[in-house]
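# Descriptive structure summary
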Amino acid sequence: MDWMTRLFDFADYGQLLALLANSVIAGAVLGLVGGLVATFVMQRDLAFAVHGISELSFAGGAAGLLFGIGVVPGALLGSVSAAALIGVLGTRARRRNSVIGVLMPFGLGLGILFLSLYPGRTANKFGLLTGQIVAVDDPQLGVLIAICAVVVVGLLAIWRPLTFASLDPDVAEARGVPTAGLSLAFMLLLGLAVAVSVQVVGSLLVLSILITPAAAAVRLTHSPTRVALLSMAFGFLAMVGGILLALGASIPISPYVTTISFAIYLVATAVGAIRQRSARQRRAVRAADQPAPEAGRTPVVANEVG
């Protein structure tokens, strides 16, 4: 079938893999870093913020195309500006969502305007929205790795207080943790992660890297450390697997990445449900095995003191 050939074409696969090695490396790095960032995105309920930042990143990348400054610098400027605005203006969830709701259509409208004015190739325009795997050359790979390193180092530097502030913000603030500063710092790191992800998977589907891996991980464990490790593994698998499948295809990378990511989420959800059901059954069996209290006697519910 013609459409199957367009989806999966492994002719000359070895040569294509050698030519697009930079894309595979970029996907691996983005999968690991995106999975790490996604852990805090889920903890802090910032899924909507990722979408808002990606819209401004799209506008910045489109402006970079139009004015000749480059997609990556433009996307970085748009992402960081959006992240800073959300971090400063949206300290509370309700207010943050309203700020994001205002920024999203504004960024999307700007991006469409800049792309409409851009006289270059249609592939460049389409790639900003849905991603492309042929656009990662050596300088861009170096910039991507450098930005990802900044994100990882920044997260490691604030890991413990950020985890505390994410899981219990009221108690953290009462104990003197600078929750407002941590929120702004994380939003800026999130902006950097979104910007480098847009050039590979596109602004419309960046959520598959920065949300879905951690959403799948929390279905399997409640340990913050294990969630982070599983999320990184899931992000790596989705990105590298998607790129390897898309190498010989004539369509963008995004459908492959999002499909693998969604499949991982479905499997994790099913495994989590089975484990919960087994745990309930074990608790029911233990409760049934406990001897019933003798008639006329009140069961002891507390130890005597003294």
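Located above this text is the structure these notes cover.
Since this is a predicted model, take the numbers as computed values, not measurements.

## Considering a nonpolar patch on the surface
Together, Leu85, Val88 and Leu89 make up an exposed nonpolar region whose accessible area comes to about 240 Å². Within the fold, valine 88 resides in helix H5 (residues 71-89).

## Digging into helix H4 (residues 47-67)
The α-helix winds at 3.6 residues per turn, so residues separated by three or four positions along the chain end up facing the same way. For H4, spanning 21 residues, the distance from its first C-alpha to its last is 31 Å, which sits close to the expected 30 Å at 1.5 Å a residue. In the segment just after H4, glycine 68 is the residue with positive phi, at about 75°.

## Here's the deal with the packing of aromatic side chains
Throughout the structure, instances matching the rule amount to three aromatic pairs. Residues phenylalanine 40 and tryptophan 159 carry aromatic rings whose centres are separated by 4.9 Å and whose planes lie at 80° to one another, so their mutual orientation is edge-to-face. Placement of the pair is phenylalanine 40 in helix H3 (residues 21-43) and tryptophan 159 in helix H9 (residues 159-167), with a sequence separation of 119 residues. Tryptophan 159 sits in the partly exposed class, given a relative accessible area of 22%. An aromatic cluster is defined as three or more aromatic residues linked by ring pairs; in this entry it consists of Phe40, Trp159 and Phe186.

## Observations regarding the packing of H9 against helix H11 (residues 179-201)
Relative orientation of the contacting elements H9 and H11 amounts to 105°, with a least axis distance of 10 Å. Overall, the two elements H9 and H11 adopt an arrangement that is roughly perpendicular. Of the residues in H11, those in contact with Pro161, Leu162 and Ala165 of H9 are Thr179, Leu182 and Phe186. Split into classes, the residues belonging to the contact of H9 with H11 amount to five nonpolar, one polar and no charged.

## Considerations on a positive patch on the surface
Residues Arg277, Arg280, Arg282, Arg283 and Arg286 make up a contiguous surface patch of positive charge. For arginine 277, the position within the fold is in helix H15 (residues 254-289).

Basis of the calculations
Residues numbered from 1 in each chain as written. Predicted model: local features only at pLDDT ≥ 70, side-chain atom pairs only at ≥ 80, totals over all residues. Heavy atoms only, no water. Patch = residues over 30% accessible without salt bridge, like charges linked within 9 Å, V, L, I, M, F, W, Y side chains within 5 Å. Areas by Shrake-Rupley, 256 points an atom, 1.4 Å probe, with all protein chains shown as cover. Salt bridge = Lys/Arg side-chain N within 4 Å of Asp/Glu carboxyl O. Helix = DSSP H or I, 4+ residues; strand = E, 2+ residues; numbered from the N terminus. Expected span 1.5 Å × (residues − 1). Phe/Tyr/Trp six-rings, centres within 6.5 Å; stacked < 30°, edge-to-face > 60°. Buried < 20%, exposed > 50% of the residue type's maximum accessible area, 1.4 Å probe, protein only. Axes fitted to C-alpha atoms, helices over the stretch in contact; angles between N-to-C directions. Parallel < 35°, antiparallel > 145°, perpendicular 65-115°, else oblique. Contact = heavy atoms within 4.5 Å. Nonpolar A, V, L, I, M, F, W, Y, C, P; charged D, E, K, R; others polar. Lys, Arg positive; Asp, Glu negative; His and termini not counted. Charge placed at Lys NZ, Arg CZ, Asp CG, Glu CD.

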